[in-house]
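# Topology and contacts: notes
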Amino acid sequence: MTDEKAMRIRSRRSFLKAGVAALGGVGSFHWLRTRRHDDGVPWPLRRVLETNEQLAREYFSASHLAPTFPESMVSPPRENGGEGLSRDFDIRSWTLKVVSSVHSRRLELTLDDIKRLPRVEMVTELHCIEGWSQVVHWTGARLSNLVAEAGSDARYVGMETPDGGYYVGLDIASAVHPQTLLCYEMNGRELTPEHGAPLRLATPVKYGIKNIKRIGTVHFTNTRPPDFWAERGHDWYAGL
Amino acid sequence: MKKLQSRHALAIRCFHWINFAVLAVMIWSGLLIYWANDVYRIGIGRFTLFKFFPESFYSTFNIGFRLAEGMSWHFTFMWLFAINGFLYISYTIFSRDWRYGGIQQFAYLTIIFMGAGSLLTGLAVYKPTQLAWLTSLLGGYQFARFEHFWLTVGYALFFCVHIVQVTRAGWNNFRSMITGYELVEVEKPSGD
């Protein structure tokens, strides 16, 4: 048999195998795409996101700090996302409700109560999940104060706007990170309604979607709290 | 007279084609993500020669409003891209499969560094707080994102050049990336 003939036989076999492999690839892609959706994402992809979360939580440390920037890099903050900021809101009657289903403890705090906690200022970069980012000067009190007060032993924190229209979940490690603040001032000014007056979350360990505006309730719990954007296809953890 | 000669090991062929498919998924899902903040262009000052990307591009390939979906695919297939890429390069080094010369070797070395660059800039954008040292090293969050994007444009250009070269090299060469073998012209034995 000549080598040319041997090549023809090899080619036929190899191209057949390659064709089957290519079909297998296209088939796998199609299979993945058409799986039952788990909160807006095919379930196998959701499982991978959860695995990525496990790895990220292993590596996470309160000593891994977000870089801080000089004041000169601060820019007027962009207003993005109005969910949960309904018009019929009376800021004068607002209080922060803190609930724990681990200890069945309940607190109600006024803005002055929160302002009496140690005041922390930081100039960090806010990362929107859309891909833009901005350096912002945040002022507020560490969320860890509340965890020590009402949420010790809880594994998660859920937060919700007063109208319940927007809600986020945080793992407790992210909640007690020293750069996670209950924020009442942005760039040296009181929060505007669009930025979540009177109190919002500011944390560079999460995407902007977790930096909830106008917090109404803080809920310490051992079960994973629901999350507005996680229910719409995003990663629940959304950690940076 | 033509003689059968082995050219690419089975492992190399697998890594090559897996990389092709995985990179395609990475670029597609990357576009779904990029759409949500499509800020890059070629231009100077107010003059824009080309915007990445025109509306027609998004509508043709159905790119818009799929950010969450894009992220879930991107952060799944990143593992395959990294693992396959690592095996591809390791095997190439171990098997000393470096039979190319000059410019071609330079091109392939470049693409390896680009692959590593995509992983590093990707990590810098993925975890800019936990890996703040890396993000800072690469010039900050927005610059890392910018690098990540242009590396991808680099792949697209590499792909075009690669296709032209493969076309010019002919069928025998292309076939060797499927079969592993090529036919080479040898002189007839003397006295025949």
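In what follows, the structure referred to is the one given above.
Below is a short write-up of the structure. Residue positions within a chain follow its written sequence, with the count starting from 1. Here every chain gets a letter starting at A, and every ligand a number starting at 1, in the order they are written. Totals for whole chains, interfaces and linings use all residues, but because this is a predicted model, local features are given only for residues with pLDDT of at least 70 and pairs of side-chain atoms are given and counted only at 80 or more. The side-chain quantities take in all heavy atoms of the structure and omit both hydrogens and water.

### Concerning the sheet that holds strand β4 (residues 105–109) of chain A
Residue and element names in this part refer to chain A. Stated precisely, the cut-off is as follows: Note on pairing: two strands pair once DSSP finds at least 2 bridges between them. Put simply, DSSP H or I for four residues or longer makes a helix, DSSP E for two residues or longer makes a strand, and each gets a number counted from the N terminus. Angles shown run from 0 to 180 degrees and are taken between the N-to-C directions of axes, each axis being a line fitted to C-alpha atoms and, for helices, limited to the stretch in contact.
Strand order in this open sheet of five strands is β4-β3-β12-β7-β8, and the pairing throughout is mixed. Looking at strand neighbours, the two that pair on one side only are β4 and β8 (167–171), the edges of this open sheet. Neighbour to neighbour, the strand axes of the sheet diverge by 15° on average, direction disregarded. Sheet topology note: the strand β7 (residues 156–160)/strand β12 (residues 217–221) ladder contains five bridges and is antiparallel.

### Description of the state of the cysteines
The bond known as a disulfide is covalent and runs between the sulfur atoms of two cysteines. Short version of the rule: Two cysteine sulfur atoms make up a disulfide if the distance between them is within 2.5 Å.
Following the criterion strictly, the structure yields zero disulfides over all chains and no others. Note on A:C128: no disulfide assigned, nearest cysteine sulfur contributed by A:C183 at a separation of 17 Å.

### Examining the interface of chain A and chain B
Operational definition: The contact rule is simple, with two residues in contact once any of their heavy atoms fall within 4.5 Å. Note: buried area is the sum, over both parts, of the accessible area (probe 1.4 Å) each one loses when the two are combined. Here a salt bridge means any side-chain nitrogen of Lys or Arg lying within 4 Å of a carboxyl oxygen belonging to Asp or Glu. Charged means Asp, Glu, Lys or Arg here, nonpolar means Ala, Val, Leu, Ile, Met, Phe, Trp, Tyr, Cys or Pro, and polar covers whatever is left, Gly included.
Each side of the interface is counted separately: chain A has 42 residues, and chain B has 37 residues. Of the roughly 3,300 Å² buried at the junction of chain A and chain B (both faces included), carbon and sulfur atoms supply 66%. The interface formed by chain A and chain B holds zero salt bridges in total. Every element with two or more residues in the side of chain A that touches chain B is listed here: α1 (3–33), α2 (43–59) and β5 (120–127) of chain A. When residues of the side of chain A that touches chain B are assigned to their parent elements, the largest contribution, 12 residues, is made by α1(A). Partitioning the side of chain A that touches chain B into residue classes produces 24 nonpolar, 11 polar and seven charged.

### Considerations on a positive patch on the surface
Put simply, the test is: For patch detection, residues must exceed 30% relative accessible area and be free of salt bridges, and they are connected within 9 Å for like charges or within 5 Å for nonpolar side chains (Val, Leu, Ile, Met, Phe, Trp, Tyr). Here, Shrake-Rupley sampling with a 1.4 Å probe gives the accessible areas, and only protein chains in the shown set may cover a residue. In this charge count, Lys and Arg are treated as positive and Asp and Glu as negative; neither His nor the chain ends contribute. Taken as the charge centre is NZ of Lys, CZ of Arg, CG of Asp or CD of Glu, depending on the residue.
A contiguous patch of positive charge, built from A:K5, A:R8, A:R10, A:R12, A:R13 and A:K17, is present on the exposed surface. Position of A:K5 among the secondary structure elements: in helix α1.

### A closer look at the pattern of salt bridges
Residues and elements named next belong to chain A. The cut-off we apply is this: To sort residues, take the accessible area from a 1.4 Å probe on protein chains only and compare it with the maximum for the residue type: under 20% means buried, over 50% means exposed, and anything in between is partly exposed.
Scanning the model with the defined rule gives 15 salt bridges over all chains in all. Linking R116 and D113 is a salt bridge whose minimum nitrogen-to-oxygen distance equals 2.6 Å. In this pair, R116 and D113 both sit in helix α3 (residues 111–116), three residues apart, roughly one turn of the helix. The partly exposed category is assigned to D113, whose relative accessible area is 26%. E121 is the partner of R119 in a salt bridge, and the nearest nitrogen-oxygen pair spans 3.4 Å. Its relative accessible area of 46% is what places R119 among the partly exposed residues.

### Details of the pairing of strand β9 (residues 181–186) of chain A
Residue and element names in this part refer to chain A. Where burial is concerned, most of β9 is hidden: six out of the six residues are buried. Note: strand β6 (residues 133–142) against β9, five bridges, orientation antiparallel. Opposite A141, over in β9, you have L182 as the bridge partner. As defined by bridge partners, β9 adjoins strand β11 (residues 200–202) across three bridges and the pair is classed as antiparallel.

### Notes on the packing of aromatic side chains
Quick note on the threshold: Any Phe, Tyr or Trp ring, taking Trp's six-membered ring, that has another such ring centre within 6.5 Å forms a pair; planes under 30 degrees apart are called stacked, those over 60 apart edge-to-face, and the others tilted. Lysine and arginine charges are scored as sitting over a ring when NZ or CZ, respectively, is within 6 Å of the ring centre and within 35 degrees of the ring normal.
Under the counting rule described, the total for this entry stands at 36 aromatic pairs over all chains. Considering the side-chain rings of A:F228 and A:W229, the 5.2 Å spacing of their centres and the 80° angle between planes classify their relative orientation as edge-to-face. Owing to a relative accessible area of 7%, A:F228 belongs among the buried residues under this scheme. According to the relative accessible area criterion, A:W229 is partly exposed, its value standing at 26%. For the pair B:F57 and B:Y58, a centre-to-centre distance of 6.1 Å together with 70° between the ring planes defines the contact as edge-to-face. What makes B:F57 partly exposed here is its relative accessible area of 22%. An aromatic cluster is present here, built from B:Y34, B:Y40, B:F50, B:F52, B:F53, B:F57, B:Y58, B:F61, B:F143, B:F146, B:F149 and B:W150 joined pairwise through their rings. Of note, A:R10 hangs over the ring of B:Y181, and the distance from its end group to the ring centre comes to 4.0 Å. For the cation-ring pair, A:R232 lies above A:F228, with the distance from its terminal atom to the ring centre recorded as 3.7 Å.

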